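Topology and contacts: notes
One-letter residues, chain by chain:
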Amino acid sequence: MTSSSGYNYIGGTRSARGHVQLQSLDAQTGQALPGVFYQATEAEVDAAARAAAGACTEYRDLGPEQRALFLDAIAAELEGLGADFIATVCRETALPTARIQGELGRTCGQLRLFAKVLRRGDYLGARIDRGQPQRQPLPRPDLRQYRIGLGPVAVFGASNFPLAFSTAGGDTAAALAAGCPVVFKAHSGHMATAEWVADAIIRAAQRCRMPDGVFNMVYGAGVGEWLVKHPAIQAVGFTGSLKGGNALCQMAANRPQPIPVFAEMSSINPVILLPEALQARGSQIAAELAGSVTQGCGQFCTNPGLIIGLRSTAFSSFLEQLVAQMNRQLPQTMLNSGTLASYCRGVQALSQHPQVRRLAGQAQQGDQACPQLFQADASLLLEGDGLLQEEVFGPASIIIEVADMAELAMALQGLRGQLTATLIGQEQELLAQRWLSDSLQEKVGRLLINGYPTGVEVCEAMVHGGPYPATSDPRGTSVGTLAIERFLRPVCFQNYPDALLPGALQDANPLGIRRLVDGEPSSAAL
């Protein structure tokens, strides 16, 4: 560790002007880990935002290849971090080594995927409508459009993914790919992890000769409000609670210049079980669902928190097997004491509801989360009971039995926006009930058939988003290459001389990208 360990990252330097010192904790024991972290002052947050703004024009104007090399360099630096880094992440989060190694691979993979997007060039959205001076009754001017980065982006680290949704995670990677400098707010649950990763980003930035201020990081509670309200910040990326996301959205909307907040917040990810599937493979489905609910101690935003089945003998048999499977699941340590406390509050609220009954799991004891399965009356979903749709972040799920397809249709109408919905069925019944897919498209960002939502593949086609309250803006995604579009805006140039145009729009097409020219796709020079 350097002498500036625990200092904030501002414009390529380290800063510790404040007097509030924070400590990271061992998630298993609650004991303080070595070292302290200095909560950023308002002046330091201001300096970080200004540093990002100062780097913005230079960084945005870099060619796509230069930014791609930077993303590749970050991935290489992360891959060079050794066993001590992995051990630090595990101690801060209680996540197992294999999970952290896999998440590190995913983080590096998504950085390289965005580098590929940059080299491909389609993210620029280049469109050219050449002038028509002879057009009657009025000539048409020469019009050319492409997309540029919005400006400095504030990114908030997620608790449950210390790498893939945090310091160098998806929001940071997408923003940097779009040409937007980042001010990252480190999550209090894994500040030491954040420092390791921030150091790697800074090394990559120096190696690639990026402008100072391209990446900044601040520590501390309460600093997020200063960040979101800062006039230099032009967008926000957030993964966390509904309460936290709503608060950021309000702050951003009430600024003199409102800015977009791309918040991924709350989802119960319904799983709908069709009768023929339960008849054919009910025991298998029960085992798989129990595994999905408790995977990673249920600390996934895609955790299946609501299971709906139709009344039948097969459903009754399945329910018995699911209860047995859930009772076999062992308690697990959660990310931190705050996450455990929140889980316990959610479980207690369900336990005390008069129309909800516990089917599996014991009352919470000790410092580990006990898996839980509850059954609720279908009327609660039909009547829009809010408790039934509140995410319980942890290894818990609610099961509902509906009378028939008509009641299922009414129940789905009452669902709020979700990240995912899953259909479990046999081929013929899925075809016969195709209305389910049509209905669920109105509610979710990703539909699955005969799978489970707790795996989110990082690829071109993935959508990790959905209508509110799953996200604050259903038009985007926080996973997959489409995520870059959240941090871009279009600019049009009218009658510009070729030498003044950005490379993406010049006649010679020096970037060699595919463009829309007079309404037709083309990679050729004009």
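Residues numbered from 1 in each chain as written. Predicted model: local features only at pLDDT ≥ 70, side-chain atom pairs only at ≥ 80, totals over all residues. Heavy atoms only, no water.

Helix and strand counts for the chain come out as 15 helices and 21 strands. For 526 residues, the compact-globule formula gives about 24 Å, and the C-alpha radius of gyration of the chain, at 25 Å, lands near that figure. Principal axes of the C-alpha set define a box for the chain whose edges measure 75 × 65 × 40 Å. Residue burial in the chain is summarised as follows: out of 526 residues, 56% are buried. Of the roughly 21,400 Å² of accessible surface on the chain, 51% is carried by carbon and sulfur atoms. (Helix = DSSP H or I, 4+ residues; strand = E, 2+ residues; numbered from the N terminus. Rg over C-alpha atoms; globule rule 2.2 N^0.38 Å. Buried < 20%, exposed > 50% of the residue type's maximum accessible area, 1.4 Å probe, protein only. Areas by Shrake-Rupley, 256 points an atom, 1.4 Å probe, with all protein chains shown as cover.)

With that settled, the discussion passes to the pattern of salt bridges. Counted under the stated rule, the structure contains 22 salt bridges. The salt bridge partner of arginine 14 is aspartate 199, with a shortest N-O separation of 3.7 Å. Of the two residues, arginine 14 sits in strand β2 (residues 13–15) while aspartate 199 sits in helix α6 (residues 191–207), which places them 185 residues apart along the sequence. One network of salt bridges, with partners in common, ties together Arg14, Glu195 and Asp199. (Salt bridge = Lys/Arg side-chain N within 4 Å of Asp/Glu carboxyl O.)

On to the UniProt feature "domain: Aldehyde dehydrogenase" (unreviewed entry) in the chain, then. Sequence positions flagged by UniProt for "domain: Aldehyde dehydrogenase" (unreviewed entry) are, in local numbering, residues 35–458. Counted over residues 35–458, helix gives 46% and strand 17%. Its end C-alpha atoms are 34 Å apart. (UniProt positions renumbered as here; feature names shortened; annotations may be inferred.)

This brings us to the nonpolar core. Phe70, Leu71, Ile74, Leu78, Phe215, Met217 and Phe487 are the most contacted members of the largest nonpolar core, which totals 77 residues. The greatest single-element share of this core, amounting to 10 residues, is contributed by α6. Apart from the residues within four sequence positions on either side, isoleucine 74 is in contact with Leu111, Ala168, Leu176, Ile201 and Ala204. Core analysis: the second largest hydrophobic core is formed by 35 residues, Val356, Ala376, Leu408 and Leu423 among them. (Core = buried A, V, L, I, M, F, W, Y, C linked by side-chain atoms within 4.5 Å. Contact = heavy atoms within 4.5 Å.)

Attention shifts here to the pairing of strand β16 (residues 396–402). In terms of residue burial, β16 counts as a mostly covered element, since six of its seven residues are buried. Note: strand β13 (residues 306–310) against β16, five bridges, orientation parallel. Opposite isoleucine 307, over in β16, you have isoleucine 399 as the bridge partner. Pairing of strand β15 (residues 372–376) with β16, which is carried by five bridges, proceeds in the parallel orientation. Bridging from a neighbouring strand, glutamine 372 pairs with alanine 396 of β16. (Pairing = 2+ DSSP bridges.)

Another point: the sheet that holds strand β21 (residues 520–522). The five strands lie next to each other as β19-β6-β5-β20-β21, forming an open sheet whose pairing is mixed. Looking at which strands have only one partner, the edges of the open sheet turn out to be β19 (488–494) and β21. Each strand of the sheet is rotated relative to its neighbour by a mean of 25°, with strand direction disregarded. (Axes fitted to C-alpha atoms, helices over the stretch in contact; angles between N-to-C directions.)

Another point: the sheet that holds β13. One open sheet holds the seven strands; their spatial order is β14-β15-β16-β13-β12-β17-β18, and the pairing between them is mixed. Strands with a single pairing partner mark the edges of an open sheet, and in this sheet they are β14 (356–360) and β18 (444–449). Taken over all neighbouring pairs, the strand axes of this sheet differ in orientation by 25° on average, direction set aside. Looking at chain direction, strand β17 (residues 418–424) and β18 are connected through five bridges and run parallel.

Moving on, we come to the packing of aromatic side chains. Under the defined criterion, the tally for this structure stands at 11 aromatic pairs. When the centroid spacing of 6.3 Å and the interplanar angle of 85° are considered together, the rings of tyrosine 59 and phenylalanine 70 count as edge-to-face. Here phenylalanine 70 lies in helix α2 (residues 64–79) and tyrosine 59 lies in helix α1 (residues 42–60), a separation of 11 residues in the sequence. Assigned by exposure class, tyrosine 59 and phenylalanine 70 land together as buried. Aromatic rings pair up to connect Tyr146, Phe493 and Tyr496 into one cluster. The ring centre of tyrosine 59 lies 5.8 Å from the NZ or CZ of arginine 67, which sits over that ring. Across from the ring centre of phenylalanine 161, 4.7 Å away, lies the NZ or CZ of arginine 99, which sits over that ring. (Phe/Tyr/Trp six-rings, centres within 6.5 Å; stacked < 30°, edge-to-face > 60°. Lys NZ or Arg CZ within 6 Å of the ring centre and 35° of its normal.)

Attention now moves to unusual backbone geometry. The step from glutamine 136 to proline 137 runs through a cis peptide bond, and the omega angle for that step is 5°. Its place among the elements puts proline 137 in the loop between β5 (127–129) and β6 (143–149). With an omega of 5°, the peptide bond between tyrosine 468 and proline 469 qualifies as cis. Tracing the backbone through its elements, the reader meets proline 469 in the loop between β18 and β19. Phi at asparagine 509 takes a positive value of approximately 50°, unusual for a residue other than glycine. Inspection of the secondary structure puts asparagine 509 in the loop between β19 and β20 (515–517).

Turning next to the packing of helix α3 (residues 83–93) against helix α4 (residues 97–120). It is the contact of α3 with α4, at a shortest axis distance of 10 Å, that shows an interaxial angle of 115°. At the point where α3 passes α4, the crossing takes the right-handed sense. Residues Phe85, Ile86, Val89, Cys90 and Thr93 of α3 lie in contact with α4, whose contacting residues are Thr97, Ile100, Gln101 and Leu104. Classifying every residue of the contact of α3 with α4 by side-chain character gives six nonpolar, three polar and no charged. (Left-handed = near helix turned anticlockwise from the far one by under 90°. Nonpolar A, V, L, I, M, F, W, Y, C, P; charged D, E, K, R; others polar.)

To continue, consider the layout of surface pockets. Reported here for the largest pocket is a volume of approximately 1,400 Å³. As for the largest pocket, its lining consists of 48 residues, and the residues nearest its centre are Phe238, Gly240, Ser241, Leu242 and Gly244. If you list the elements that add at least two residues to the lining of the largest pocket, you get α7 (223–229), β10 (235–239), α8 (242–253) and α11 (337–351). Here the element with the most residues in the lining of the largest pocket is α11; it accounts for eight residues. Tallied by class, residues from the lining of the largest pocket come to 21 nonpolar, 19 polar and eight charged. (1 Å grid on protein atoms, 1.4 Å probe; cavity = no way out; pocket = protein on both sides within 12 Å on 5 of 7 lines; lining within 4 Å. Points joined across faces, edges and corners; volume = space filled by probe spheres on them.)

If you check α1, its first and last C-alpha atoms are 27 Å apart, about what 19 residues at 1.5 Å a residue would give, namely 27 Å. Residue glycine 54 marks the point of greatest curvature in α1, where the axis turns by about 30°. Residues Glu44, Val45, Ala47, Ala48, Ala49, Ala51, Ala52, Ala55, Cys56 and Tyr59 constitute the buried set of α1. (Expected span 1.5 Å × (residues − 1). Bend = angle between axes of the 7 residues up to and from the residue.)

Within the structure shown, the criterion is met by three cavities of 30 Å³ or more. In this structure, the largest cavity encloses a volume near 120 Å³. Lining the largest cavity are 14 residues, with Ile268, Gly305, Glu391, Val392 and Ala396 positioned closest to its centre. It is β16 that contributes the most residues to the lining of the largest cavity, three residues altogether. Tallied by class, residues from the lining of the largest cavity come to seven nonpolar, five polar and two charged. Taken as a whole, the second largest cavity spans an internal volume of roughly 90 Å³.

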